[in-house]
Amino acid sequence: MIMGTETEYGISVKNARDQDPVAASTLIVNIYKDRGPKGITWDYEQENPLVDARGFISEGESNPPDQENNSLINDILINGGRYYIDHAHPEYCTPECTNARDLVKYEKAGELILDLSRMAAEELLPANQDIIIYKNNSDYKGHSYGSHENYLMNRSIPFQDIVAGLTPFLVTRQIITGSGKVGAENGAEETDYQISQRADFFETEVGLSTMVARPIINTRDEPHADEKLYRRLHVIVGDSNMSEFTIYLKVGITSIVLKLIEMGVVGDAFKLSDPVAAIKTVSRDLSCKNPLDLDDGRRWTPIEVQRAYLELAHKHLPKADFTPVMQDVMDKWEFVLSQLEVNPMLLERHLDWVIKKNLITAYIERRGVSWSHPRVRMMDLQYHDIRPNKGLYVRLLKNGHVERILDQEEIVYAVTHPPVDTRAYFRGVCLQKYPHEIHSASWNSMIFSLDGSSLDKILMDRPHFGTQEIVGNLLRTCTASELVHAIHGSNNNF
């Protein structure tokens, strides 16, 4: 399954007279040293965030930026991803990946890109000012920013089947994927500590918005591919994760559940009576064992719901189709559920919300303070600080106190090299080899300007194409003009 993530980062400037996150975001995106020529822009032609998967176009305006601002807020990366400014946040989108392990690698490469940008930008600031970047989801002032996931699905699957099959999974998935949060926000019930940073901000079951009245199931219908064949499922309910292990399971188990939904074996078997209330209840249940009311009268714990999905995967997914990554995800899913059943704190090396809780609990016991102490909330933020010498998670990682999925060398390599098995390969290599002949790019197009005036668009409507195997020889041997003519001459697209 083709998948990718989009991460909005929190940003502030220490000792700045006035906080201006838009200016700070603009500075770090534009200073990034590996960015291509500044003239390359993002092609917004095939984007419309107002199209709803339920079959209509929502009211509102969606105006793309003009040419000058387009270049200012967008950086199309040579690893096939995108780095840009979204409202008041720097945002990094991974390239398209085919498996959970690669996706962890490219998401972590995004953290490195943000940190390289931060260090370069600080050289332009007064000596007493530091840029602080958080990979988290809340500013404790009522604002939440997202970590979104995207999964390519078969367009023929009725959207209501996705809603029915996916909602109970996402509501209970947070016991594995939550990043942990001190306190509550958005008028939700007060608590000392909860599993998810995002749970308090979801107010409806299904909807199009990503900023107000946030839905558990988002209906945005921008496939970034052939709309007759594909749907891009836009998942907005997850937390931003620091743990490689957590990210790996988050996207890995979700892609497996989506396969089950496409096979038609989930239906509404696990329908919850009140998903919006349940998502907050689960977030506050650190035992993961308080039962939820199902629509048919059954009462299941979040662990039992997750285990039911796992059992469906064992029953219906052909073993012959299992890749090594899929098998590993299944094994780790089973391991985590078994540990949660015994004691969630056994996962102190694996899951973000447990790692963070252990850190803060140790501080509270050592200092004799309460959960409401300002330093405790600061520790919550500092866990997500991406600076190598300041971030609490990063320091645990350097000292070998958390589980890893990757080697650091893989992450560094992913900063400047695209995946080889999706169309991101074509996009990334073109940006490296033909930077002066490219006018603009998007997820499903590359627009070349070969003579300085006319534009040649190459469509990439099939995310599984444009791979090293398919186009590697062309990219090695062709000039930009030869490449465009060869692709148009084949009467084909990617």
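Position labels on residues start from 1 in each chain and follow its written sequence. Local features in this predicted model are restricted to residues of pLDDT 70 or higher, and side-chain atom pairs are both shown and tallied only at a pLDDT of 80 or more, whereas totals for entire chains, interfaces and linings draw on every residue. Heavy atoms from the whole structure form the basis of all side-chain values; hydrogens and water molecules are not counted.

Caption draft 1: Representation of the overall build of the protein within the structure. Assigned secondary structure in the protein consists of 15 helices and 20 strands. Accessibility here uses a 1.4 Å probe with only protein chains present; expressed as a share of the type maximum, an area under 20% marks a residue as buried, one over 50% as exposed, and anything in between as partly exposed. Every one of the 494 residues in the protein was classed for burial, and the buried ones make up 58%. Note on contacts: a residue pair is in contact if any heavy atoms of the two residues lie within 4.5 Å. Taking the intrachain contacts of the protein between residues at least 6 apart in sequence as the baseline, contacts between residues at least 24 apart amount to 71%. Note that accessible areas follow from Shrake-Rupley with a 1.4 Å probe, and for residues the cover is restricted to the protein chains shown. Accessible surface computed for the protein: about 19,900 Å², of which carbon and sulfur atoms make up 50%. What counts as a helix is a DSSP run of H or I of at least four residues, what counts as a strand is a run of E of at least two, and both are numbered from the N terminus.

Caption draft 2: Quick peek at the nonpolar core. Judged by nonpolar contacts, the single largest core of 116 residues is most densely connected at Ile28, Leu166, Ile176, Ile216, Trp333, Leu340 and Leu351. Per-element tally for this core: the top contributor is helix α5 (residues 244-263), with 11 residues. If we skip the residues at most four places from it in the chain, Leu340 touches Ile175, Ile176, Ser287, Cys288, Lys289, Ile303, Leu347, Leu351 and Trp353. Counting residues in hydrophobic clusters, the runner-up holds 27 residues, among them Trp42, Tyr425, Leu483 and Val484. Residues grouped as a nonpolar core are buried Ala, Val, Leu, Ile, Met, Phe, Trp, Tyr and Cys residues, joined through side-chain atoms within 4.5 Å.

Caption draft 3: View of a positive patch on the surface. Note that patches include only residues with greater than 30% relative accessible area and no salt bridge, and the join distances are 9 Å for like charges and 5 Å for nonpolar side chains (Val, Leu, Ile, Met, Phe, Trp, Tyr). For this document, the term salt bridge refers to a Lys or Arg side-chain nitrogen within 4 Å of an Asp or Glu carboxyl oxygen. His is not counted, nor are the chain ends, whereas Lys and Arg count as positive and Asp and Glu as negative. One atom stands in for each charge, and that atom is NZ of Lys, CZ of Arg, CG of Asp or CD of Glu. The grouping of Lys14, Arg366, Arg367, Arg375, Lys390, Arg395 and Lys398 at the surface amounts to a positive patch. Those elements that provide at least two residues to the positive patch are α9 (352-367) and α11 (392-398). For Lys398, the location among the structural elements is in helix α11.

Caption draft 4: Main features of α9. To estimate how far a helix should reach, multiply one less than its number of residues by 1.5 Å. Between the first and last C-alpha of α9 there are 23 Å, a value that for 16 residues agrees with the 22 Å anticipated at 1.5 Å per step. Of all the positions in α9, only Asp352, Trp353, Val354, Ile355, Lys356, Lys357, Ile360, Thr361, Tyr363 and Ile364 are classed as buried. The first or second residue beyond α9 is Gly368, which carries a positive phi of 70 degrees.

Caption draft 5: Inspection of the side chain of Ser440 at higher detail. Tracing the sequence through the fold places Ser440 in strand β18 (residues 438-442). Residue classification places Ser440 among the buried positions, given a relative accessible area of 3%. Only 3.1 Å separates the side chain of Ser440 from the side chain of His439, close enough to count as a polar contact. Every residue in contact with Ser440, bar those within four places of it in the chain, is listed here: Ile40, Thr41, Asp43, Met446 and Ile447. By the criterion applied in these results, polar contacts are pairs of N or O atoms within 3.5 Å in which, for protein atoms, one can donate a hydrogen and the other can accept it, and in which residues neighboring in sequence qualify only through two side-chain atoms.

Caption draft 6: Geometry of the pairing of strand β9 (residues 130-134). Most of β9 sits out of view: 4 of its 5 residues are buried. Paired strands, as defined in this entry, are two strands with at least two bridges between them according to DSSP. Bridging between strand β2 (residues 10-14) and β9 involves 5 bridges; their strand directions are antiparallel. Counted as the bridge partner of Lys14 is Asp130 from β9.

Caption draft 7: Fine view of the pattern of salt bridges. One pass over the full model with this rule turns up 26 salt bridges. One salt bridge in this structure joins Glu96 and Arg427, with 2.7 Å as the shortest N-O distance. With Glu96 in the loop between β8 (89-93) and α3 (100-122) and Arg427 in helix α13 (residues 424-433), the pair connects residues that are 331 residues apart, well separated along the chain. You can call Glu96 buried: its relative accessible area is 7%. Residue class for Arg427 comes out buried when judged on its relative accessible area of 0%. Within this structure, Glu107, Lys108, Glu111 and Lys135 form a network of salt bridges that share partners.

Caption draft 8: Representation of the environment of Arg387. Tracing the chain through its elements places Arg387 in the loop between α10 (374-383) and α11. Distance from Arg387 to Ile132, taken between C-alpha atoms, is 7.6 Å for residues 255 residues apart in sequence. When residues no more than four places from it in sequence are discounted, the contact partners of Arg387 are Asp115, Arg118, Asp130, Ile131, Ile132 and Val394.

Caption draft 9: The sheet that holds strand β19 (residues 445-448), seen in detail. Within the open sheet, the 4 strands sit side by side as β3-β18-β19-β20. Their pairing is mixed. A strand with exactly one partner marks an edge of an open sheet, and here the two such strands are β3 (41-42) and β20 (456-459). Pairing of β3 with β18 involves 2 bridges; the strand directions are parallel. In the sheet register, Thr41 faces β18, and the bridge partner there is Ser440. Sheet strands touched by α13: β18, β19 and β20. Its angle to β19, the strand with the most contacts, is close to 25 degrees. Only the stretch in contact is used when a helix axis is fitted, and all axes are lines through C-alpha atoms; the angle between N-to-C directions ranges over 0 to 180 degrees.

Caption draft 10: Region of the structure containing the packing of aromatic side chains. Ring pairs shown here join Phe, Tyr and Trp side chains whose ring centres sit within 6.5 Å, with only the six-membered ring taken for Trp; geometry is labelled stacked below 30 degrees between planes, edge-to-face above 60, and tilted in between. Summed over the entire model, instances satisfying the criterion amount to 9 aromatic pairs. An angle of 70 degrees between the planes, with centres 5.4 Å apart, marks the rings of Phe169 and Tyr309 as edge-to-face. In this pair, Phe169 is assigned in helix α4 (residues 159-177) and Tyr309 in helix α7 (residues 302-316), connecting sequence segments 140 residues apart. The exposure class assigned to Tyr309 is buried, which follows from its relative accessible area of 0%. Note on Phe270 and Trp300: the rings are 5.8 Å apart at their centroids and 40 degrees apart in plane angle, and the pair reads as tilted. Of this pair, Phe270 sits in the loop between α5 and α6 (275-284) while Trp300 sits in strand β17 (residues 299-300), and the two are 30 residues apart along the sequence. One aromatic cluster is present, formed by Phe169, Phe270, Trp300, Tyr309 and Trp333 through successive ring pairs.

Caption draft 11: Local environment of the sheet that holds strand β6 (residues 74-76). With antiparallel pairing, 6 strands are arranged side by side in an open sheet as β6-β7-β8-β1-β10-β15. On the outer flanks of this sheet lie β6 and β15 (230-235), each paired with one strand and no other. Here the average twist between neighbouring strands, direction ignored, is 20 degrees. As paired elements, strand β1 (residues 3-8) and β8 share 3 bridges and run antiparallel to each other. By the bridge assignment for β8, Thr7 is matched with Tyr92.

Caption draft 12: Quick peek at the packing of α4 against α6. One way to put it is that α4 packs onto α6 with a least axis distance of 8 Å and a crossing angle of 15 degrees. One finds that α4 runs roughly parallel with respect to α6. For α4 against α6, the interelement crossing comes out right-handed. The segment α4 lies against α6, with Thr167, Val171, Gln174 and Ile175 engaging Pro275, Ala278, Ile279, Val282 and Ser283. Residue polarity is assigned by list, with Asp, Glu, Lys and Arg as charged and Ala, Val, Leu, Ile, Met, Phe, Trp, Tyr, Cys and Pro as nonpolar; anything else, Gly included, falls into the polar class. Residue classes in the contact of α4 with α6 are distributed as 6 nonpolar, 3 polar and no charged. Every angle not falling under 35 degrees, over 145, or within 65 to 115 is termed oblique; those three ranges are roughly parallel, roughly antiparallel and roughly perpendicular. Helix crossings are classified by the rotation of the near helix relative to the far one: an anticlockwise turn of less than a right angle makes the crossing left-handed, while a clockwise turn makes it right-handed.

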